[in-house]
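The residues making up each chain are set out below.
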Amino acid sequence: MKPLFEVLIVSFKLGCTSFGGPTAHLGYFHHEYVERRRWMDERSYADLVALAQFLPGPASSQVGIGIGLLRAGWLGGVAAWIGFTMPSVILLVLFALLMQGFDVGASGWIHGLKIVAVAIVAQAVLGMGQKLAPDRSRATLALLAAAITILWQTAASQILILLAAGGVGYFMYRQPPSDENSPLLTVSISKRAGVICLALFFVLLIGLPIIRQIIGGEGLLAMFESFYRSGSLVFGGGHVVLPLLEREVVPTGWMSKSEFLAGYGATQAVPGPLFTIAAYLGAMISGVKGALVGTAAIFLPAFLLMAGALPFWNTLRQNKKVQGALVGLNAAVVGILLAALYNPLWLTAVQKPEDFVLAILLFGMLVYWKLPPWLVVLAGAAGGWMLF
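Trainee: I would appreciate a short explanation of empty space enclosed by the protein in the present structure.
Mentor: Rolling a probe over the atoms, with the probe sized like a water molecule, indicates the empty space that remains. This structure, assessed with the given rule, holds two cavities of 30 Å³ or more. In this structure, the second largest cavity occupies an estimated 40 Å³ of space. Of the residues assigned to the lining of the second largest cavity, the class counts are six nonpolar, two polar and no charged.

Here it is as structure tokens:
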């Protein structure tokens with residue numbers, strides 16, 4: 001029981017202090033789990049990060065779940081997820097309850113949070129573009145994905161774009177495999193258990209929409225299905241889930257676009273994974289029980305995929321074609337995020353020259369002055385209040 005409790009306490013501490021998005025989270029994890037506590041060596045940690053980048057879902061949360069699984073078994077994975085996620089969930093639920101007493105459209109500081117979201121996603125597009133689409137062919141793939149996403153605004157468009165990009169990468173980009181001489185990742189989960197987790201992932205992904213269609217309605221089951229599907233299809237981390245979730249909750253009438261973007265801005269101010277925006281959305285839709293359902297639904301795919309893929313990763317990482325498909329997927333992710341920067345973010349938040357000036361200043365604070373995101377969020381809220 002001691003390793004399990006230790007995983008919970010350490011992950012909770014990280015959940016309270018990990019600001020700055022997925023890349024920063026991985027740095028915090030490395031310092032805590034590899035350098036300080038020596039729960040794993042450098043190569044094992046690098047392999048775990050590579051696996052999380054390979055899978056859809058929140059990369060930092062999946063690394064944390066993987067460390068918990070390796071350290072203390074199945075309950076360790078659950079404890080690592082709860083500890084890392086709980087602080088931001090609580091803060092965002094409180095923010096949602098506060099928001100329900102405000103007229104979002106008439107609040108200047110809320111408008112400032114929407115402009116913050118523009119600056120933060122612009123920073124993410126810049127950073128991801130430099131890393132994931134650095135050459136002409138991948139940049140072209142990213143631009144095509146952006147154009148199609150903007151012009152074809154349907155729930156199925158992003159799925160088809162990602163499938164097509166993965167196919168292009170499968171045939172075009174034959175990536176060299178990971179270091180073949182590196183030590184293998186030691187995994188206690190059996191391949192049979194991994195297959196069960198992967199099967200459950202696909203059964204839920206395919207079965208939930210069918211059940212929702214049969215039962216109908218817009219209750220908790222409908223929300224669980226929407227959030228589970230969104231969490232299953234996101235490559236590239238928390239920022240990329242924005243357009244998926246926006247199309248799930250705004251057209252259905254669950255909330256206004258302004259309420260959605262205000263929550264996205266607030267998510268930047270709290271520590272922990274960006275996927276906890278689901279707690280805010282769920283609370284806005286159906287109170288505290290909605291927050292619990294939304295959070296569980298959006299993270300469940302990450303848990304199933306990490307537990308399912310871990311036993312097979314040592315083999316998978318040596319496959320050149322699989323690595324190439326991932327290259328194509330990642331380039332398309334940059335394009336999808338670029339499309340989200342335009343719609344809904346830019347179209348909703350930047351309405352006058354003063355908004356554009358504030359967005360530029362916030363972008364500069366993030367990219368050039370290297371200020372922490374929570375401070376940028378406060379500056380954006382204050383700027384929006386003064387401009388409104």
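Trainee: I keep staring at the pattern of salt bridges and nothing clicks. Help me out?
Mentor: Taken as a whole and assessed by the stated rule, the structure comprises 11 salt bridges. Residue glutamate 6 pairs with arginine 71 through a salt bridge whose shortest N-O separation is 3.3 Å. Residue glutamate 6 is located in helix H1 (residues 2-17), and its partner arginine 71 is located in helix H4 (residues 59-99); the two are separated by 65 residues in the primary sequence. A residue is classified by how much of its surface remains accessible, and arginine 71, at 35% relative accessible area, is partly exposed. A salt bridge links glutamate 225 to arginine 229; the shortest N-O distance between them is 2.7 Å. Residue glutamate 225 and its partner arginine 229 are located together in helix H9 (residues 220-232), separated by four residues, close to a single helical turn.

Trainee: Just to check I follow, could you spell out the packing of aromatic side chains for this structure?
Mentor: Each pair of aromatic rings is reported with the distance of its centres and the angle of its planes. Counting across every chain of the model gives 13 aromatic pairs. Following the ring pairs from residue to residue traces out a cluster consisting of Phe29, Tyr33, Trp39 and Phe84.

Trainee: Before we go on, may I ask you to explain unusual backbone geometry in this structure?
Mentor: Unusually for a residue other than glycine, arginine 38 sits at a positive phi of about 55°. Looking at the element boundaries, arginine 38 is found in the loop between helix H2 (22-36) and helix H3 (42-54). Unlike most non-glycine residues, lysine 370 shows phi in positive territory, near 60°. For lysine 370, the location among the structural elements is in the loop between helix H15 (353-367) and helix H16 (373-387). You can call lysine 370 exposed: its relative accessible area is 65%.

Trainee: Just checking my understanding: could you explain the environment of leucine 371 for this structure?
Mentor: When you line up the elements, leucine 371 lands in the loop between H15 and H16. The residues touching leucine 371, leaving out its near neighbours within four places in the chain, are Met365, Leu366 and Val376.

Trainee: Explain the confidence of the model for the chain here, please?
Mentor: Keep in mind that low pLDDT regions are not for reading the predicted coordinates in detail. On average, residues of the chain score 87 in pLDDT, and 94% of them are at 70 or above. The lowest-confidence element of the chain is helix H13 (residues 313-316), averaging 76 in pLDDT; the highest-confidence one is helix H12 (residues 277-309), averaging 96.

Trainee: I would appreciate a short explanation of the layout of surface pockets in the present structure.
Mentor: As a volume, the second largest pocket reaches approximately 620 Å³. Looking at the second largest pocket, it is lined by 22 residues, and the ones nearest its centre are Pro56, Leu163, Phe202, Phe235 and Leu329. At five residues, helix H7 (residues 157-172) tops the list of elements feeding residues into the lining of the second largest pocket. Looking at the lining of the second largest pocket, its residues break down into 19 nonpolar, three polar and no charged.

Trainee: So what exactly am I meant to see when it comes to the side chain of lysine 114 here?
Mentor: Tracing the backbone through its elements, the reader meets lysine 114 in helix H5 (residues 108-132). Polar contacts involving the side chain of lysine 114 include one to the side chain of serine 258, which spans 3.2 Å. When neighbours within four sequence positions are excluded, lysine 114 is seen to be in contact with Ser258, Leu261, Ala262, Thr348 and Ala349.

Trainee: Would you explain the environment of alanine 309 in this entry?
Mentor: With respect to the helices and strands, the residue alanine 309 is situated in helix H12. C-alpha of alanine 309 to C-alpha of alanine 222: the two residues are 87 residues apart in sequence and 28 Å apart in space. Every residue in contact with alanine 309, bar those within four places of it in the chain, is listed here: Leu51, Leu55 and Leu198.

Trainee: Looking at this model, I keep getting lost on the nonpolar core. Mind explaining?
Mentor: A general trend in soluble globular proteins is that nonpolar side chains are found buried together. Core analysis: the biggest nonpolar cluster contains 124 residues, and Tyr45, Val63, Phe227, Phe260, Tyr280, Leu281 and Met306 have the highest contact counts within it. Ranked by residues supplied to this core, first place goes to H12 with 18 residues. Not counting residues within four places of it along the chain, the set of residues in contact with methionine 306 comprises Leu48, Leu51, Ala52, Leu55, Gln62, Val63, Ile65, Gly66 and Leu69.

About the cut-offs
- Residues numbered from 1 in each chain as written.
- Predicted model: local features only at pLDDT ≥ 70, side-chain atom pairs only at ≥ 80, totals over all residues.
- Heavy atoms only, no water.
- 1 Å grid on protein atoms, 1.4 Å probe; cavity = no way out; pocket = protein on both sides within 12 Å on 5 of 7 lines; lining within 4 Å.
- Points joined across faces, edges and corners; volume = space filled by probe spheres on them.
- Nonpolar A, V, L, I, M, F, W, Y, C, P; charged D, E, K, R; others polar.
- Salt bridge = Lys/Arg side-chain N within 4 Å of Asp/Glu carboxyl O.
- Helix = DSSP H or I, 4+ residues; strand = E, 2+ residues; numbered from the N terminus.
- Buried < 20%, exposed > 50% of the residue type's maximum accessible area, 1.4 Å probe, protein only.
- Phe/Tyr/Trp six-rings, centres within 6.5 Å; stacked < 30°, edge-to-face > 60°.
- Contact = heavy atoms within 4.5 Å.
- pLDDT = per-residue confidence, 0-100.
- Polar contact = N/O pair within 3.5 Å; in protein donor to acceptor, adjacent residues only side chain to side chain.
- Core = buried A, V, L, I, M, F, W, Y, C linked by side-chain atoms within 4.5 Å.

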